[in-house]
Structure formats: structure tokens, C-alpha cells
Amino acid sequence: MQWSNIKLIYQREMRDQFRDRRTLFLIAVLPLLLYPLLGMSFFQLAQFMRFETPQILLLGEDELAGHEWLPPLLGVDGDKFAAAVEPKVGERGEMEIKRPADFPELAALLQVDAKSAEGENSPSKSERLQRFARRLLDEGRVQAVIWFPKDFGESLELSRQAVLDRNADVVPDLPQPLLSHNSANEKSQMAYLRLQRVMDNWRTLVSQANLSAGDVPSIATHPFEFESFDVAPPAQKKAAVWGKLLPFIVFIWALTGAFYPAVDLCAGEKERGTLETLLTSPALRREIVWGKLLTVMSFSIATAVLNLASLGVTARFVLNQFAAIGGFGGDAPMELPSIAVTGWLLLALVPISALFSALCLACAALARSTKEGQYYLMPLMLVTMPLMMLPMSPGVELNLGNSLIPLTGVVLLLKSVIEGQYIEALRFAVPVAGVTLMAALLAIRWAEEQFNRESVLFRESERLELGRWLVHLIRDRRPTPSVPQAMLCIAVILVVQFFITVAARQPAEGLTFRFVAQMTFISQAVCILMPAALMTLLFTSHRKRTLLLESGPRPLHIAGAMLLAVAVHPLVIQLGDLIQRIYPMSEEIQAQATQLQQAFNGGEAWWWPYLLIAILPAFCEEVAFRGFILSGLRHVGHKWWAICLSAVAFGAVHMFMQQKLNAAVIGVLIGFLAVQSGSLWTCMAYHATHNGLQLLVSHLHGLATSGKYPVLESWLGGDNPWIARPATLIACSGVAVAVLWGFHRISYRRTEEERLREARDSGGGRLVGVS
């Protein structure tokens, strides 16, 4: 790879992009206009909300008359609440009281003739008032209604008198006031919350009046107050806000800034007919990809930086104006983050822009036109947005487990740095940087693979006709499935499994062996085996080759797979313990796992658990993931890409997250056996042996902890069992490496795409494969 060629391609693409007015508008003009407009809209909205006066309808006001001991609920004028129950807060307007007399149509509603009023089924006055109040709420003419029912004041008086006479036996049932609102209306919801606080304050005053009348000091029911002490300095509280907001904004704009130039550099050049000229140049495909990648990265970083600068200028003006009108209350005014924080953001922006640019470039290479390329932005957003929004959730902190999640670890690391927790950030800087760089390199590798396949770069535009497409799938079947068909099978398995899991109802007596056995059979046979089997029958012409069943079981391969399962098992146990330490199970998940284990142990025969956990998954899962799915994914052109993708899908069908991670690692190992041996029997032997060993070790561990078998206790029990000692692990690792080396030496059958890729790599990257 020559950097001079990359430089020439980079300069060419940059010149072309600067001639595009849409790109210049997105990069330079939009950031300068967007945030000032948002700031102006914020002020207008704040002014509108500040002077909004909620309308409260008061019904049953006469129930409070004649009871002088009651604290006043209303003010002197009667159109506001008393200051004692609704203290004024900032610029917020006081609530305005409305009465039935303020609505002329209500008076006409109440004037019914005597005959209808005396009828048996005629509505009472209170019912008519409630109906009218509901209509006012629906129309938005009032935001909340408070209604004191009939005899409320009299019952309150009797209740007070009984308490004063120390005669609790004669306390009458007090009719409760009713607060009505429309929860679907935001204004009504806000008014209801304010009205609820007003009524709570008034109820406290009523209680204090009763205590005072009974010569009981109020301190008897309210002996002390809590004093809060916030140890966080003001600067740290402000940093906590910026720590959640700034990384999210910067990374979103980095993704947006990378997407549109990538679409223009790939799909746009296809439409203009200039991509063919570039591909026929002396530059290698990898050099072309890197030149375009650096161009997209430049625009991604520029977009994020300009948006960050525009946001900073607008935020400084908005915060100053907001502080001038007292918008921060008693807190210190918000300030912009320091220059050091901006430097950390820019430093993290480089690898993130590389990751986003490579992803956008690979997706844009799939597009046949600019219009189609723009459709790919939403899937990218759906994948990346949750990872960037997860750190904004309460309780999500920077730890080893979260630092290994792409994008999430970077956002959490920046959040810690912005908040000044440098020691905490330094502890996890290495895993975050390693995961981010690995993700970026994999994305770049994917983009290179896309540009090395002419079937991707020069796909023909076609209209989808469902009938002809289905006929094509059945009539023009290939010997083995294609990559889209393999991905479709994964999606079908996950969707069917999700709906069956949601629809399953646990019996009232809890998890029983019968219920667990039925769900295990349905999960394996219906969710996993059936989609793969049906798609094999429908979409492939060589079913035995698809399912790796062309040849019968080979005893040497079967023995090697079983030996490998035995040798790897102690290492798998240690891997599971490591995953448990990184991602510990919650108490709820542990309880579910314990219930499942107890249910399996409750079988009538000892061989039932082995049939359900060892034999059945070994058949169903291997047919699906190492049969149909792996055979289809191998048309990607690289066996390790196919193995890893099928392993991820294999891990995804397991129940708990810890199981998913462990199963994905084991899936890589079984996928390697499938490719090298070319036989599904080898995979089934490994899978059945591995799951059977898990059951056996679990059973023996229970016997070891009972203390009746000293040999088992020394091997499996205690703080330092033999199975977990370094000597055992080293010996097992040696055996596993020897067996894997033996499988590695087997000459496996390559797909056409894999042969073409090897020929292209041996030819210096100039040979273009077809898939």
C-alpha cells in the first residue's frame, strides 16, 4: 500500500466534495444556523410557559363555609389560592380559580324542570356538575377540577370534635375531596401536580389547627426535619450535566457528517459513472478505500467540531441570558466546560470518526443510487443510538464490563473525564481504547471487503416483484444458501424464539420438569430446527452439502472432537467465572437459573436432562448454525468472518447474557471444527460432549460438597479444586492446542468466494472476485 496513491485519492475526493453545495451546507452553514434558532425557540417557549396561568374549577365551595376554624384555602379576593398553601415560586403564574357561575351554560344545565328532577332515573346536581367538569377538561377550558363532596365540611367538623373529645369510636366516615385532570394533556397534568401540592399544604394546616385546638404541640407529630448536605461541589454538578450531553451530541454529528459524504463518494460516483475510472487506475482497492475513508473522516470531524463550536457560542449566550432573568434559582449559574474538556472530546473524536466513516463507507458501497444510500442511515442510527444513549441511563457507570461495549465505553470514559474523575478514567482507558480501535479496524476491513467485490459495487437496479422473486428463489436454487438467506434464517429464529418466549405462561405451581421439558423441546425443535430445515428444503438444491452431511461420521474426527470438548471444559469453566466477574448476574437472574436447574433435576429418569440439554441441542442447534447458516455465511469469502458471525448468532439464542457470551466463544470453536472437518457429525459430537460434561460436573459438584466423597471434594470442591489449578489448566490447554492443530492440518473444502479471495490476496489485491 503506497501512501502517495492514498494522498492523491484523498485530494481528489476532497476537491469533489468542496464543489458539492449540499455538503458545504451540511458541514458549515447548518451548524451556524441550527443552534441559534434552537436558542431563540427555547427563549420563546420559556416565555410562553412562564406566563401560563392554569385554570382550576372549584366545585362544592359551600361545604367549607361556616367553619371558621378551617385555615383559609382561598385568598381574600377568592380568585386565587391563599399564599399559605400556594407560595409564589419565581416567575410562575398563580393558579386562577373558576366557579360554576363563570360558565353560563352550566346555569342552564342546572335549571331542569321539577318533573325531570323528581324522576327516579334523573341525574342529581352533583352528577351533572361532574359531567360538565369532565367536558370542560376535555375541551381544555380548565386544566384541573377540585370537588368537595356533600357533607364534607360537616363530617370534618364531627371528626374534629370526636378527636378533641378523645372519643375515636364515633369518628364518622369522611367523604374525600376529588381532584380531576386529563393525564393526556400536558398542561392539565402540570396543573394537577401543582393542585396536589396545594391540597397537601392545606391538609397540613388543617392538621395543625386540630392539634392546636387540642393543646397538642405540632412538634409531637413532626419532631424533626432532615437537613440535606450535598458533597458535590458546584463545578462537579455542572460537569455531570455536560458529561452526559456533550459526548452524545458530538458523536451523533460525527455519524451524520460521515454518512452523507460516504454516500456521495460511493453511490454518487456510481450515478456519475466516475467510479469505474477510479477502479481501473493503478491504485489498489485498499488504497482507494483509505483515500475515501480519510475524506469521510475529515468531513465527520469537521462536522462535529463546527457543531461543537456553534453549540458553545449559543450556549454561552443562552446561559448568560437565563442567569440574568434568574432562571437558575438559588444554584450557581451554569458555565461552559473548560478547554481541557474540549481537548478530550476532540481526542476521542478521531477513532470514533474512523469507526463511523468505515461503517458508512461500507454501507454506502451497497447502495445502487444516492437515494438508496440515504435509506441506510436509519439502520445505522438504530444500531448506534442505543449504545450512545445507554450511558445517559441512571446507574450506568464506568466499569470493566461497560468499558468493553463499543461506543458506550467511550461515552462513559469521556463522562468521567469531564466530571474530573481522572483516576477512575485512567483505570479503564486501555480496555476502552482497545475495543474502540478493534471496532474501527474491523469496520475498515469490512469496507475493504466491500470494495473488493464487484457484485457489490456494480449491482444492477431492479424492481421487486414478489411473485417473480419467490419463483426465482425456488426455481433457481443454488447448491448452498446465500449470505442473505443465512441472515434471514438468523432473523427468523430470533423472532420466533422471542414470540414463543413471550407467549409462554409459567404454571401456577412454579417451574416443573414437565413445563421446562416442553419449553426446551419447543425452543429447540420449533424455534431453531424448523426454520433452518424449511429453508434448506426451499432454497437449496444440495441439502447434504448445505448441512455438512455428505460424508458419514469419521471415527478419528469424532474422537478428536470429544477429546477437545473434555480438554477445553476446565477452560470454559474459567471463562464462565471471568464473565460472571465482569458481568455479574442479578439476584433475579440467579433465582431463575436456580429454579431451572432444580426443575431439570426433578425429572423421573436420570437420562431426561441429558436428552434435553445434551442430545437435543447438539442436533437442532448444529443443523441450524453450523449447517444452514454457516454454509450460507461462507459465501462472504472469508471463513473466519463466517465462523464469527455464526458464533454470534449461536450465542444470541441462549437465555442469559452470560450464557450468550460464553456460547459465542464456544461457537467459534465449533465453527472451526465444522469448516475443517466438513462434517456436522463432528460438531454434534463436540456439542453433546460439552453439554453432557456440564451436567456431569454439576452433579458431581453436588456430591463433592456433601462431604461423603473425599476424592470428588479434592477434585471439584473446596477453594482450590484440582480442576481449577494452573497445572490442570496448562495441561488441558496443551491437549486442546494439539487437537486443534490436528484439525488445522486438514485440507478443507473452500467455497468459490474463498478461492477467489485467496487468489486476489496472492496477486497483490488487484484481482477482483465475484460473489
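Throughout this document, residue positions are counted from 1 along each chain, in the order its sequence is written. Residues qualify for local features only when their pLDDT is at least 70, as the model is predicted, and side-chain atom pairs are given and counted only at 80 or more; totals for whole chains, interfaces and linings, by contrast, use all residues. Here the side-chain values reflect all heavy atoms present in the structure, with hydrogen atoms and water set aside.

Moving on, we get to the overall build of the protein chain. In this text, helices come from DSSP runs of H or I with a minimum length of four residues, and strands from runs of E with a minimum of two, each type numbered from the N-terminal end. Check the secondary structure of the protein chain and you find 31 helices and four strands. Going through the 771 residues of the protein chain one by one, you find that 42% of them count as buried. Reported accessibility uses the Shrake-Rupley method at a 1.4 Å probe radius. Residues are deemed covered only where the shown protein chains occlude them. Carbon and sulfur atoms make up 63% of the accessible area of the protein chain, which totals about 42,000 Å². Summary of the burial criterion: residues with accessible area below 20% of their type's maximum are buried, those above 50% are exposed, and those between are partly exposed, where the area comes from a 1.4 Å probe applied to protein chains only.

Attention now moves to unusual backbone geometry. At aspartate 151, a position not held by glycine, the phi torsion is positive, near 65 degrees. With respect to the element layout, aspartate 151 can be found in the loop between strand 3 (144-147) and helix 6 (152-164). With a phi angle near 70 degrees, leucine 407 is a residue other than glycine that sits in the positive phi range. Along the chain, the position of leucine 407 falls in the loop between helix 14 (400-403) and helix 15 (408-418).

This brings us to the side chain of serine 155. Summarising the element assignment, serine 155 is placed in helix 6. In terms of polar contacts, serine 155 uses its side chain to reach the backbone carbonyl oxygen of aspartate 151, at 2.8 Å. We define a polar contact as two N or O atoms separated by no more than 3.5 Å, with the added condition that, inside protein, one atom must be a possible hydrogen donor and the other a possible acceptor, whereas residues neighbouring each other in sequence contribute only through side-chain atom pairs.

Turning our eyes to something else, we now look at the pattern of salt bridges. Side-chain pairing between opposite charges can occur once the charged atoms of the two side chains come close. Any Lys or Arg side-chain nitrogen located within 4 Å of an Asp or Glu carboxyl oxygen qualifies as a salt bridge. All told, the structure shown has 20 salt bridges when counted by the stated rule. Salt-bridge contacts for arginine 12 lead to glutamate 269; the nearest nitrogen and oxygen are separated by 3.3 Å. In this pair, arginine 12 sits in helix 1 (residues 3-18) while glutamate 269 sits in helix 8 (residues 234-272), placing the two residues 257 residues apart along the sequence. The exposure class of arginine 12 is partly exposed, given its relative accessible area of 22%. Here glutamate 269 falls in the buried class, since its relative accessible area comes to 1%. Among the ionic pairs, glutamate 61 bridges to arginine 99, the shortest N-O distance being 2.6 Å. Here arginine 99 lies in the loop between strand 2 (96-98) and helix 3 (104-110) and glutamate 61 lies in the loop between strand 1 (55-59) and strand 2, a separation of 38 residues in the sequence. The exposure class assigned to glutamate 61 is partly exposed, which follows from its relative accessible area of 30%. Here arginine 99 falls in the partly exposed class, since its relative accessible area comes to 21%. In the salt-bridge network here, residues are joined through shared partners; they are Arg12, Glu13, Glu269 and Lys292.

Let us now look at helix 15. Along an α-helix, residues three or four apart share an orientation, since each turn contains 3.6 residues. Taking burial as the measure, the 11 residues of helix 15 include 11 buried ones, the bulk of the element. Where helix 15 is concerned, the buried positions are Thr408, Gly409, Val410, Val411, Leu412, Leu413, Leu414, Lys415, Ser416, Val417 and Ile418. Phi turns positive, to about 85 degrees, at glycine 420, one or two residues after helix 15.

The next subject is the packing of aromatic side chains. Stacked, tilted and edge-to-face are the three classes applied to pairs of Phe, Tyr and Trp rings, where Trp contributes its six-membered ring and a pair requires centres within 6.5 Å; stacked means planes under 30 degrees apart, edge-to-face means over 60, and tilted covers the rest. Scanning all chains against the criterion turns up 10 aromatic pairs. Both rings, one in phenylalanine 103 and one in phenylalanine 132, keep their centres 5.9 Å apart while their planes meet at 70 degrees; by these two values the pair is edge-to-face. One end of the pair, phenylalanine 103, is in the loop between strand 2 and helix 3; the other, phenylalanine 132, is in helix 5 (residues 125-139), and 29 residues separate them in sequence. According to the relative accessible area criterion, phenylalanine 103 is buried, its value standing at 7%. In this structure phenylalanine 132 comes out as buried when scored by relative accessible area, which is 3%. Look at phenylalanine 148 and phenylalanine 152: their rings are 5.2 Å apart centre to centre, the planes differ by 40 degrees, and that puts the pair in the tilted class.

Right, let's get into the packing of helix 20 (residues 483-503) against helix 21 (residues 513-539). The angle between the axes and the distance between the axes are what describe a pair of packed helices. For helices, the fitted axis covers only the stretch in contact; all axes are lines through C-alpha atoms, and the angles between them, taken along N-to-C directions, range from 0 to 180 degrees. Two elements in contact, helix 20 and helix 21, have axes separated by 10 Å at closest approach and are oriented at 155 degrees. Overall, the two elements helix 20 and helix 21 adopt an arrangement that is roughly antiparallel. Read as a crossing pair, helix 20 and helix 21 show a hand that is right-handed. Judged by residue contacts, Gln485, Leu488, Cys489, Val492, Ile493, Val496, Gln497 and Ile500 of helix 20 engage Met519, Ile522, Ser523, Val526, Cys527, Ile528, Pro531, Ala532, Met535 and Phe539 from helix 21. Charged means Asp, Glu, Lys or Arg here, nonpolar means Ala, Val, Leu, Ile, Met, Phe, Trp, Tyr, Cys or Pro, and polar covers whatever is left, Gly included. Looking at the contact of helix 20 with helix 21, its residues break down into 15 nonpolar, three polar and no charged. Between 65 and 115 degrees an angle is taken as roughly perpendicular, under 35 as roughly parallel, over 145 as roughly antiparallel, and anywhere else as oblique. By convention, the crossing between two helices is left-handed when the near helix turns anticlockwise from the far helix through less than a right angle, and right-handed when the turn is clockwise. Residues count as neighbours in contact if any of their non-hydrogen atoms are within 4.5 Å of one another.

This part is about the sheet that holds strand 4 (residues 178-181). Judged by pairing direction, the sheet is mixed, and its four strands sit side by side in the order 2-1-3-4 without closing on themselves. Each end of this open sheet is capped by a strand with a single partner; those strands are strand 2 and strand 4. Adjacent strand axes in the sheet meet at a mean angle of 25 degrees, parallel and antiparallel pairs treated alike. When DSSP finds at least two bridges between two strands, those strands are taken to pair. In the sheet, strand 1 pairs with strand 2 via three bridges, with the strands oriented parallel. Counterpart to leucine 57 in the pairing with strand 2 is lysine 98. Taken strand by strand, helix 7 (residues 186-213) contacts strand 1, strand 3 and strand 4, and its axis lies near 165 degrees from that of strand 4.

To continue, consider the pairing of strand 3. Across the two faces of strand 3 the burial is the same, with Ala144 and Ile146 and Val145 and Trp147 all buried. Direction of pairing for strand 1 relative to strand 3: parallel, over a ladder of four bridges. Pairing of leucine 58 across the sheet is with isoleucine 146, part of strand 3. The pairing of strand 3 with strand 4 spans four bridges and is classified as antiparallel.

Buried Ala, Val, Leu, Ile, Met, Phe, Trp, Tyr and Cys residues form a nonpolar core when they are joined through side-chain atoms within 4.5 Å. Grouped together as the largest cluster of nonpolar side chains are 66 residues, with contacts concentrated most on Phe251, Phe356 and Leu361. Mapped onto this core, the elements with two or more residues apiece are helix 8, helix 10 (285-324), helix 11 (339-366), helix 13 (377-389), helix 15 and helix 17 (429-451). With residues up to four places along the chain from it excluded, the contact list for phenylalanine 356 reads Phe251, Ala254, Leu255, Ala258, Thr384, Met388 and Leu407.

Turning next to the confidence of the model for the protein chain. Predictor confidence is given residue by residue as pLDDT, running from a minimum of 0 to a maximum of 100. Confidence along the protein chain averages 81 in pLDDT terms, with 84% of residues attaining 70 or more. Predicted confidence is poor over residues 767-771, with pLDDT under 50, and the contacts of this stretch with residues over four places away or in other chains come to 17 contacts.

On to the packing of helix 25 (residues 607-633) against helix 26 (residues 639-652), then. Running from amino to carboxyl end, helix 25 crosses helix 26 at an angle of 145 degrees, the nearest separation of the two axes being 9 Å. For helix 25 against helix 26, the interelement crossing comes out right-handed. Every residue of helix 26 that contacts helix 25 at Glu621, Phe625, Arg626, Ile629, Leu630 and Leu633 is listed here: Ala642, Ile643, Leu645, Ser646, Ala649 and Phe650. Its residues assigned to classes, the contact of helix 25 with helix 26 shows nine nonpolar, one polar and two charged.

Quick look at the environment of glutamate 372 now. As for its position among the elements, glutamate 372 is in helix 12 (residues 370-375). Assessed through its relative accessible area of 13%, glutamate 372 is described here as buried. Along the primary structure glutamate 372 and valine 263 are separated by 109 residues, whereas in three dimensions their C-alpha atoms are 9.2 Å apart. Here tyrosine 376 takes part through its side chain, which lies 2.7 Å from a polar atom of the side chain of glutamate 372.

Moving on, we get to the environment of leucine 616. Considering the arrangement of structural elements, one finds leucine 616 in helix 25. With residues up to four places along the chain from it excluded, the contact list for leucine 616 reads Thr520, Phe521, Gln524 and Leu611.

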